[in-house]
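Coordinate inspection notes
Chain by chain, the residues:
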Amino acid sequence: MESYSRFTDLRLPAIYEKVKAEERLTFDEGVALYESPDITGVGFIANHVREQFNGNIAYYNINQHIDYSNVCILHARCHFCAFARKNMQTEGAWEMSVDEFLDKAMYSIEHGCTEIHSVGGLHPKLPFDYYLDIIRGLKERMPQVHLKFFTAVEIHHFSRIFKMSIEEVLRQLKDAGLDSLPGGGAEVFAEATREKICPGKLSAAGWLEVHDIAHRLGIPTNATMLYGHLESNEDRVAHLIQLREQQDKSGGFVTFIPLAFHPANTRMAYLSSTSGLTDLRNIAVARLMLDNLPHIKVYWIMTGLKTAQVALRFGADDIDGTVTEEKITHMAGADTPEAVSVDALTRLIEEAGFVPVERDTLYNEIIREGERWHRKAA
Ligand code: V47
């Protein structure tokens, strides 16, 4: 019989037993994990699951974020957003031409990047060919590089303004070379809270439907949850359970990324930033509730590098990447750098006691020989 003296919260031993028996945790157990005063106990159980899934490996990647435009028809709606602008006449607005985008992406080739991550606002005017041309242009120039483009909210917007079904939008983007969708736009699914933080935005059901269709078309996607604003612990657990149910149905989520709300320059600037323990708890509970997702990513841009390192022992197996030029969080006051070196990431991972493995977006190992790289054969 294992000793439970490590736990100071008497609810945790039973949860630990269930986790070891690979039994699914309930809504109430999820709430108990969020409420537990025994954060190291919660982290210990999450680390057990993390090691079951990913052993002694912690992943990182070499990626670049390029946001094509921040002009957004929802600019006044998302109270948590500091990124969006009404139109090109508004201070701080930008809109990249196809050539500017492609030129910027070429930088990544010289730096061995394996992934371009690109999102934008819901632009009222750019034609569908703009998006197709960027994707085709990138695939022509660097077919090896993985293109993770457009949140579910953008895909839904394209379907509306270009009068195509979501399936048709995704098919055309996939044919042009789109490889996966990032997890943004999920915010928090609970309707009452969603209505307070982003009234009129694509609903939870709409977000899940886009991912469902993507998965059925063979397009893998990520999932996120924005925390640290008006949401309750019950909202957080309900969100995780909806993702878990979607994954049971369509199976295409690759990784989950909890996103720490940054209040500066937003309509919720009266709120405080999240604390380190809140960040760690969101990683740990996600690892425990999402028993059918292979990876949990700590996004160091939002948590800071130091918390990200500790999160590797609280359930995260991935520290994201070099990133290079992040806008969404930095416009909302992030004090992290906009890029980090591979040496810094691997040092953090090694000090946490894990073996750093460079991955591509879909967690294939990357092998480097001088300036060249390839994916390790499965
Ligand atoms: O959709 C917006 C969130 C998301 C703020 O899939 C904010 O690999 C904090 O989804 N404070 C975009 N968060 C980022 C995102 C993402 C990041 C890294 C990796 C992946 C991936 C996805 O950021 C938005 C929104 O949910 N966000 N404003 C803010 N002030």
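**Focus: the pairing of strand 1 (residues 57–61)**
- Judged by how many residues are buried, strand 1 sits mostly within the fold: four of five residues are covered.
- Two elements, strand 1 and strand 8 (residues 318–321), share two bridges in a ladder whose sense is parallel. Within strand 8, the residue paired with Tyr59 across the bridge is Asp318.

**Section: the sheet that holds strand 7 (residues 295–296)**
- Pairing is parallel in the open sheet, where three strands are placed in the order 5-6-7. Looking along the sheet, the strands with just one partner apiece sit at the ends: strand 5 (221–227) and strand 7.
- Where strand 6 (residues 253–260) lies against strand 7, two bridges are found, and the strand directions are parallel. Directly across from Phe256, in strand 7, lies its bridge partner Ile296.

**What about the pattern of salt bridges?**
- Here the structure, examined in full by the defined rule, presents 19 salt bridges.
- A salt bridge links Lys148 to Glu115; the shortest N-O distance between them is 3.5 Å. Taken together, the residues Lys148 in strand 4 (residues 146–149) and Glu115 in strand 3 (residues 115–118) connect sequence positions 33 residues apart.
- Overall, the relative accessible area of 2% leaves Lys148 in the buried class.

**What about empty space enclosed by the protein?**
- Scanning the entire structure with this criterion turns up one cavity of 30 Å³ or more.
- As a volume, the largest cavity reaches approximately 790 Å³.
- Contributing to the lining of the largest cavity are 43 residues, with Val119, Gly184, Gly185, Glu187 and Ile328 lying nearest its centre.
- For the lining of the largest cavity, a count of residues per class yields 21 nonpolar, 13 polar and nine charged.

**Overview of the state of the cysteines**
- Taken as a whole, this structure holds zero disulfides when the rule is applied.
- The cysteine Cys81 is free of any disulfide, with Cys78 supplying the nearest cysteine sulfur at 6.1 Å.
- Judged by its relative accessible area of 25%, Cys81 is partly exposed.

**Focus: the sheet that holds strand 9 (residues 355–358)**
- Overall, parallel pairing links the three strands, which are arranged 8-1-9 in an open sheet. Single-partner strands in this sheet number two, and they are strand 8 and strand 9. Geometrically, the sheet is characterised by an average inter-axis angle of 25° between neighbouring strands, direction not taken into account.
- As defined by bridge partners, strand 1 adjoins strand 9 across four bridges and the pair is classed as parallel. For Tyr59, the partnering residue across the bridge sits in strand 9 and is Val357.

**Structural notes on the packing of aromatic side chains**
- In this structure the tally under the stated criterion is 20 aromatic pairs.
- Ring plane angle 70° and centroid distance 6.1 Å describe the contact between Phe7 and Phe44, whose orientation is recorded as edge-to-face. Of this pair, Phe7 sits in the segment before helix 1 (12–20) while Phe44 sits in helix 3 (residues 39–54), and the two are 37 residues apart along the sequence.
- Through pairs of rings, three or more aromatic residues link up here, namely Tyr68, Phe101, Phe128, Tyr130, Tyr131, Phe149, Phe150, Phe158 and Phe162.
- Note that Arg6 overlies the ring of Phe44, its terminal NZ or CZ placed 3.7 Å from the centroid.
- A cation sits over an aromatic face here: Lys20 above Tyr16, 4.4 Å from the ring centre.

**So, the site of the ligand**
- Among the 21 residues in the neighbourhood of the ligand, the closest are listed as Phe80, Lys148, Gly183, Gly185 and Glu187.
- Contact distances for the ligand include 2.8 Å between a nitrogen atom and a backbone N or O atom of Phe80.
- Within the side chain of Asn222, one N or O atom sits 3.0 Å away from an oxygen atom of the ligand.
- Considered on its own, the ligand offers 610 Å² of accessible surface; in the complex 95% of this is hidden by protein.
- Here the ligand occupies the largest cavity.
- Here the shell around the ligand is composed, by residue class, of 11 nonpolar, seven polar and three charged.

**Quick notes on the pairing of strand 6**
- Most of strand 6 is tucked away, with eight of its eight residues classed as buried.
- As defined by bridge partners, strand 5 adjoins strand 6 across six bridges and the pair is classed as parallel. In the strand pairing of strand 6, Thr221 is matched with Phe253.
- Taking the sense of rotation as the criterion, the β-α-β connection linking strand 5, helix 10 (residues 233–250) and strand 6 turns out right-handed.

Here is what the cut-offs are and how they apply
Numbering of residues begins from 1 in every chain and follows the order in which that chain's sequence is written. Totals for whole chains, interfaces and linings use all residues, but because this is a predicted model, local features are given only for residues with pLDDT of at least 70 and pairs of side-chain atoms are given and counted only at 80 or more. To obtain the side-chain values, all non-hydrogen atoms of the structure were used and water was disregarded. Relative accessibility decides the category of a residue: with a 1.4 Å probe and only protein chains considered, values under 20% of the type maximum give buried, values over 50% give exposed, and everything between is partly exposed. Helix numbers and strand numbers start at the N terminus; a helix is a DSSP run of H or I with at least 4 residues, a strand a run of E with at least 2. Two strands are said to pair when DSSP picks up at least two bridges between them. Each salt bridge in this description consists of a side-chain nitrogen of Lys or Arg and a carboxyl oxygen of Asp or Glu lying within 4 Å of one another. Using a 1 Å grid laid over the protein atoms alone, points where a 1.4 Å probe fits but cannot get out form a cavity; open sets with protein on both sides within 12 Å along at least 5 of 7 lines form a pocket; any residue with an atom within 4 Å of a point counts as lining. Grid points are joined across faces, edges and corners, and a volume is the space filled by probe spheres set on the points. When residues are sorted by character, Ala, Val, Leu, Ile, Met, Phe, Trp, Tyr, Cys and Pro go into the nonpolar class, Asp, Glu, Lys and Arg into the charged class, and all the rest, Gly among them, into the polar class. We call a pair of cysteine sulfur atoms a disulfide when they lie within 2.5 Å. The convention used is that axes are lines fitted to C-alpha atoms, helices contributing only their stretch in contact, and that angles between N-to-C directions extend from 0 to 180 degrees. Any two rings among Phe, Tyr and Trp, with Trp reduced to its six-membered ring, count as a pair given centres within 6.5 Å; such a pair is stacked if its planes are under 30 degrees apart, edge-to-face if over 60, and tilted if neither. Working rule: Lys NZ or Arg CZ, within 6 Å of ring centre, within 35 degrees of ring normal, means a charge sits over the ring. Note on terminology: near, applied to a residue and a molecule or strand, indicates that one of the residue's heavy atoms is within 4 Å of it. By the criterion applied in these results, polar contacts are pairs of N or O atoms within 3.5 Å in which, for protein atoms, one can donate a hydrogen and the other can accept it, and in which residues neighboring in sequence qualify only through two side-chain atoms. Every accessible area reported is derived by Shrake-Rupley at a probe size of 1.4 Å, with residue values counting cover from the shown protein chains alone. For a molecule to be placed in a cavity or pocket, more than half of its atoms must lie within 2 Å of the grid points of that cavity or pocket. Call a crossover right-handed when, viewed with both strands pointing away from you, the route from the first strand across the helix to the second goes clockwise.

Any functional reading would require information that these geometric values do not contain.
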